[in-house]
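Chain and residue survey
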Amino acid sequence: MAGHGAGPVRHAHADTHADVGDVEIADREVREAREAEHLAPGATRAEGAGDRSVEEEADPWRTCFERDRDRIVHGTAFRRLAGKTQVFVFPDDHQRTRLTHALEVAQVATSITRACRLNVALAEAIALGHDCGHGPFGHASEDALAPFVEGGYDHATWGADVVLAPLNLCRETLDGIRNHSWSRPAPSTPEGEVVSWADRIAYLCHDFEDAVLAGVVRPEDLPTVVAERCGRDRRQQLHAFIEAVVGATAESGTVGMHDDLAEALTAFRAFNYERIYLRDESRQQGLVVDRLLTALVEWYRADPERLVAEGRPIDDRTDLVREAVSFVGGMTDRFAHDRALANLGWDAADLPIGLETHV
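Throughout what follows, the structure given in this document is the object of discussion.

What counts and what doesn't
Residues numbered from 1 in each chain as written. Predicted model: local features only at pLDDT ≥ 70, side-chain atom pairs only at ≥ 80, totals over all residues. Heavy atoms only, no water. Axes fitted to C-alpha atoms, helices over the stretch in contact; angles between N-to-C directions. Helix = DSSP H or I, 4+ residues; strand = E, 2+ residues; numbered from the N terminus. Parallel < 35°, antiparallel > 145°, perpendicular 65-115°, else oblique. Left-handed = near helix turned anticlockwise from the far one by under 90°. Contact = heavy atoms within 4.5 Å. Buried < 20%, exposed > 50% of the residue type's maximum accessible area, 1.4 Å probe, protein only. Disulfide = S-S within 2.5 Å.

Some remarks on the packing of helix α4 (residues 98-115) against helix α5 (residues 120-129)
At a minimum axis distance of 8 Å, the contact between α4 and α5 shows a crossing angle of 160°. Classified by the angle between their axes, α4 and α5 sit roughly antiparallel to one another. Every pair of crossing elements has a handedness; the one defined by α4 and α5 is right-handed. Across the interface between the two elements, Ala102, Leu103, Val105, Ala106, Ala109, Thr110, Thr113 and Arg114 from α4 touch Val120, Ala123, Glu124, Ala127 and Leu128 from α5.

Re the environment of Phe268
As for its position among the elements, Phe268 is in helix α12 (residues 259-277). A relative accessible area of 0% places Phe268 in the buried class. Separated by 224 residues in the primary sequence, Phe268 and Thr44 place their C-alpha atoms 31 Å from one another. Residues in contact with Phe268, not counting those within four places in the same chain, are Leu204, Cys205, Phe208, Leu222, Val226, Gln237 and Phe241.

A few points about the state of the cysteines
By definition, a disulfide links the sulfur atoms of two cysteines through a covalent bond. One pass over the structure, following the stated rule, counts zero disulfides. Summary of cysteine pairing: Cys64 is not part of a disulfide, and the nearest cysteine sulfur, belonging to Cys170, is at 3.9 Å. For Cys205, which is in no disulfide, the shortest distance to another cysteine sulfur is to Cys230 and amounts to 7.6 Å. By relative accessible area, which is 1% here, Cys205 ends up buried.

Below, the structure is given as structure tokens:
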């Protein structure tokens, strides 16, 4: 179908009402000029093509950080997050995956950055890309892959320095991804700091909600300090924590959170770790994941032809261990499961299994 209407312009609908009047196109340079006028003094400005490892011509329409965001969203690593564990292996229709987690982090981060007059596109790019370095089956993959990587396997640094490196992203975007974890050095931009808060806010709230729906915890189990200061449901909790970051940032001039809500967030995290992430079923699942991913890396590094058969480029200079870790770390849960059955000869009963078999 060629659309509706005659002449040089066609419409999607015959009865379109999409009249916008005279339009003055806001190209990249126009919007960069507006940033200089409207963003907070310490906000990160987008200028031209951005600070990239390989220089590029600037895009005529998109700022450099908008371009980064688009590259991440269209990238294979981002799509694979749909098949990677957030908390529960092989989640049901309503439980989070790494992909939905990334989207929720982006929502929290953009809410904060927009209110604080920071660079929304940069925060969104960092948030959408922050977990692209995660392996299959959740955080247990880091323990499994760590022995094969000098200095250990950290999803934040691996994501920025290995997984997303081919996208030639801006330095500020990669810095925010590399340093979003609180155990890492502080990000170099306020937008990166916002994503660090947004990540923790989002995962604590939605992981608790998933755990309640799964019957792992009850709503009334929530610590009193969290319930009283933030509420018992995700909507109330997100509102409280976002408001606390916006308010504290406006008052102090630095990205942070009001003390009373930060105390509640700390209590929330301690509760989730004790009752959800480190419960006996999760620990046992972690041991299974460790054994599975270790075996897969060993199997692929033992013979380069196995990686070639998977479409990985191999030559005399290839570090087979690193290449095997990169391949296995990029797998979705199901792909790792299937490769173990096909290549390792494992029984399905020896592989990670869904929540319903544990609870």
